[in-house]
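# Topology and contacts: notes
Listed below are the residues making up each chain.
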Amino acid sequence: MNSGQQGNGRDLDGRVDALGAMVKSLLTTLVMRGVLTKADIPTLVKECETMLGGNPAASAELRSIQNDMPSFLRAAIGPAPDPDEDHDD
């Protein structure tokens, strides 16, 4: 593989990463606003896999997005309140 091909591969990887991050952000926003539930995400992933004809690379990327969603949702919610912290001051 020459350096031009390597550059194109990195460009493609970067684009896929950017799109994956955008999808995770969008899904997180929709769940946080009550438009979707966490339970809707696996269904969406399955529908996308079907639309993409079972392409193994596409399926792997979709599964990666699905697997990352719990951490994105936790981050969006923020840390759990500290029960030892007095909020009445």
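Let me begin by describing the structure that accompanies this report. These numbers were taken from a predicted model, which means no experiment stands behind them. (Residues numbered from 1 in each chain as written. Predicted model: local features only at pLDDT ≥ 70, side-chain atom pairs only at ≥ 80, totals over all residues. Heavy atoms only, no water.)

## Notes on the overall build of the chain
Of the regular secondary structure elements, the chain holds three helices and zero strands. In the chain, buried positions account for 19% of the 89 residues. When contacts within the chain are restricted to residue pairs at least 6 apart in sequence, those whose partners lie at least 24 apart make up 55%. Element-wise, carbon and sulfur atoms account for 57% of the exposed surface of the chain, whose accessible area totals about 6800 Å². (Helix = DSSP H or I, 4+ residues; strand = E, 2+ residues; numbered from the N terminus. Buried < 20%, exposed > 50% of the residue type's maximum accessible area, 1.4 Å probe, protein only. Contact = heavy atoms within 4.5 Å. Areas by Shrake-Rupley, 256 points an atom, 1.4 Å probe, with all protein chains shown as cover.)

## Things to note about the side chain of K24
As for its position among the elements, K24 is in helix 1 (residues 3-32). For K24, the residues in contact, after removing those within four places along its chain, are I65, D68, M69 and F72.

## Some words on helix 2 (residues 40-51)
With 12 residues, helix 2 should reach 16 Å at 1.5 Å per residue; the first-to-last C-alpha distance of 17 Å fits that figure. Every buried residue belonging to helix 2 is among I41, V45 and E49, and all of these are buried. Each buried residue of helix 2 lies within a common arc of 75° when the element is viewed along its axis, so the set occupies one face. Exposed residues pointing more than 90 degrees away from the buried face of helix 2 are listed as T50 and M51. Once helix 2 finishes, G53 follows within two positions and takes phi at roughly 70°, a positive value. (Expected span 1.5 Å × (residues − 1). Arc of directions from axis to C-beta.)

## Examining the pattern of salt bridges
Pairing of side chains with opposite charge becomes possible as their charged atoms draw close. Per the counting criterion, the structure on display carries two salt bridges. Its salt-bridge partner being D68, residue K24 comes within 2.6 Å of it at the nearest N-O pair. Taken together, the residues span a long stretch of sequence, with K24 in helix 1 and D68 in helix 3 (residues 56-77) at a distance of 44 residues. Among the ionic pairs, R63 bridges to E49, the shortest N-O distance being 2.9 Å. With R63 in helix 3 and E49 in helix 2, this pair connects stretches of sequence that are 14 residues apart. Here R63 falls in the partly exposed class, since its relative accessible area comes to 34%. (Salt bridge = Lys/Arg side-chain N within 4 Å of Asp/Glu carboxyl O.)

## Focus on the nonpolar core
Among the nonpolar cores identified, the biggest contains nine residues, and these are L27, V31, L36, I41, V45, L62, I65, M69 and L73. The set of elements that each furnish at least two residues to this core consists of helix 1, helix 2 and helix 3. Residues in contact with I65, not counting those within four places in the same chain, are G20, V23, K24 and L27. (Core = buried A, V, L, I, M, F, W, Y, C linked by side-chain atoms within 4.5 Å.)

## Re the packing of helix 2 against helix 3
Viewed as axis vectors pointing N to C, helix 2 and helix 3 meet at an angle of 170°, and their least axial separation amounts to 10 Å. It follows that helix 2 is roughly antiparallel to helix 3 by the angle criterion. Where helix 2 abuts helix 3, its residues I41, P42, V45, K46, C48 and E49 lie against S59, L62, R63, Q66 and M69. For the contact of helix 2 with helix 3, a count of residues per class yields six nonpolar, two polar and three charged. (Axes fitted to C-alpha atoms, helices over the stretch in contact; angles between N-to-C directions. Parallel < 35°, antiparallel > 145°, perpendicular 65-115°, else oblique. Nonpolar A, V, L, I, M, F, W, Y, C, P; charged D, E, K, R; others polar.)

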